[in-house]
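Understanding the architecture of this molecule
So you can see what is in the structure, the chains are spelled out below.
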Amino acid sequence: MLSIADAGVARRDPHLPGLPILLDGEAMSERLRRLLPSASDLQAIPTYVRYKPGTSCLVAYEVQRGDHTEDLYAKAFTVGSPKLRNAAVHSGESTGTPRVPHVWEDIATHVSGPASDHDLKSLARMCDPQQRHELFQRLLPEGTDFWDARVKRLRYKPERRYVAQLTTPAGAHALLKVYHAEDFLRAYLGASVAVMQQLSPTSAMLAKSQRYHILVFRWARGQTLLEQLLTGSVDVSTIERLGERLVQLHLHTVPDADLPWLTPTAMAERLYAAAQSVAAVCPPFADQAARLVRRISTRLPLVDVPTRYGMIHGDFKPDQVMCGDGEVTLLDFDQACQGDYAADLGSFAAQLEHGALMRTWSMADVGQVMTRLIRCYSHLHDATLERRVRLYTAAGLLLLAPHEFRNRTPDWIATTSTVLDRSERLISYAG
C-alpha cells in the first residue's frame, strides 16, 4: 500500500503516471505477477529511488521469488517521452524472468534489469555465463581462477554503478566495479593514486578496462569500521591508525588536471541540488533547506584554506574503512577530488551524526571518535580545523537529507526533518 508520504509525492507530480505504482511495493509486485503468471509468490521490495520531478523516476527493487532474489528496476516517464518510445523499441515479451525489458504503456513505465541496463552495458555480458567467462579472461588473463568466478552482487544503482564480489571455485575473492562511462575515469584516477601512495595497501587494483568501464580490486579482509561501530568494538588504536592513514591521504598533492576540485562554489552547488531534492519530495521543508544552503555557503569562503588543499576521499564514511590484521585500509575512491581535508572529516562526522540521530549508536560515541580523529592533525597546527569540520558536518547532513526518501527509509519525512534540524543546530554552533 502506498504510504501517505509517497502518495503526496505522486499526487504533486501528475506528469509521471507511473509514480504511484513504482513507489508502492505491493502494487509493483501485482504488476509483475501479471507480467509473469508463473510467479504467484513474487515480491518486489523498493530499495532505491532516483527522482527528477516532472521528468522521470527510477526505482530499484529486490525481487524475491521463493528462495531466489534478483535485481530489477522500473523507470517512469512522461506520456509520449522519446526515451520511453526508444525503450519500447527494445522491449520484448516476458520469458519467465523480469530481466527482459518491458514497457507498460498505460503508466508510461519501462521495466528492466541488469542484463538490459543500457548505461552499464558490461552487465549484459556478466549475465551470460559464456560471455562472462570471456570477459573475465580479458580482464584477468593471468588470473585463470577467476575466469569462472561466481558473482555476488553487493550494490547496484541502475544506470550508475554495480559492485560485486567475485569468488573462485577455490574460495579466493576479488571486488569488481562496473561504472557509468562518465564516472569511470575519475574512479580510476582516484584508485590509482590510492594504490601508488599505499593508502589502500590490502586492496590493490588487479585489472582495469576503459572499454568496459570496469575496475577489479583485491578483496580487503576484515571488518569495516561501520561493523565495529555497530558492535561497539572500536578501540582507540583503530581510530589512531585511521587518523594516520587520513593524514597520509590529505598531505598528498596531485596535478591539477588529474582530479576535480571541491571548492566552496562546488560544495554550494552540491548543497543547492540536495535542497532542491528535499523540496521536490517534501515542500514544507523547502524553506529550511534553502536557508541552510545560504547559511553554509556564505560561511565556506570565510574559512576556506587553499594552502590546506590536497587529495581528499570525497565520500568518506565508516563503511569505507576496513580494519583487519592490525591494518586500516581506505576503500572506494570513486569520488576522490582535491580540497580542504576538513571536508572529509566533516563528511565522516555527518555519517556518525546520522547514525546517532537514527539511534544506531550514541552521540557520545560520535564525540569520542571525532575528538580522537581530529587530534591526529594536531601536529599541523591548524587553528580553524574544528570550526571547519563542524561547518562541513552541517553540510554533510544536508547532503544526506535527500537519502531518506531515496533509500526508502521508513517514515522518511520524519527522519528528513530530524537530519535537517541537526544540520541547522550545527551551523548555529559553527558561528
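The sections below set out a description of the structure shown in this document. (Residues numbered from 1 in each chain as written. Predicted model: local features only at pLDDT ≥ 70, side-chain atom pairs only at ≥ 80, totals over all residues. Heavy atoms only, no water.)

A few words on the packing of aromatic side chains. Following the criterion strictly, the structure yields nine aromatic pairs and no others. Plain terms: the ring middles of Y156 and Y162 are 5.6 Å apart, the flat faces sit at 70° to each other, and that makes the pair edge-to-face. Judged by its relative accessible area of 9%, Y162 is buried. Here the guanidinium or amino end of K208 rests over the ring plane of Y188, the centre of that ring lying 5.2 Å away. One Lys or Arg, R388, reaches over the ring of Y341 and ends 5.8 Å from the middle of that ring. (Phe/Tyr/Trp six-rings, centres within 6.5 Å; stacked < 30°, edge-to-face > 60°. Buried < 20%, exposed > 50% of the residue type's maximum accessible area, 1.4 Å probe, protein only. Lys NZ or Arg CZ within 6 Å of the ring centre and 35° of its normal.)

Another aspect to go through is the side chain of H313. Tracing the chain through its elements places H313 in the loop between strand 13 (309–312) and strand 14 (321–324). Note on H313: relative accessible area 0%, which makes it buried. A polar atom in the side chain of H313 sits 3.2 Å from the backbone nitrogen of D315. Reaching out from H313, the side chain makes a polar contact with the backbone oxygen of L331 at a distance of 2.7 Å. With near-sequence residues (within four places) excluded, H313 lies in contact with L249, Q320, L331, D332, F333, Q335, A336 and D344. (Helix = DSSP H or I, 4+ residues; strand = E, 2+ residues; numbered from the N terminus. Polar contact = N/O pair within 3.5 Å; in protein donor to acceptor, adjacent residues only side chain to side chain. Contact = heavy atoms within 4.5 Å.)

Looking now at the sheet that holds strand 13. The strand order across the open sheet formed by three strands is 12-16-13, and the pairing between neighbours is mixed. Both outer strands of the open sheet, strand 12 (261–262) and strand 13, are each paired with one neighbouring strand and no more. (Pairing = 2+ DSSP bridges.)

With burial as the criterion, each face of strand 5 (residues 109–112) is covered, one bearing T109 and V111 and the other bearing H110 and S112. As defined by bridge partners, strand 3 (residues 68–77) adjoins strand 5 across four bridges and the pair is classed as antiparallel. Of the residues in strand 5, the one forming a bridge with A76 is T109. Following strand 4 (residues 102–104), the chain reverses through four residues before pairing antiparallel with strand 5; A108 in that reversal takes a positive phi of roughly 50°.

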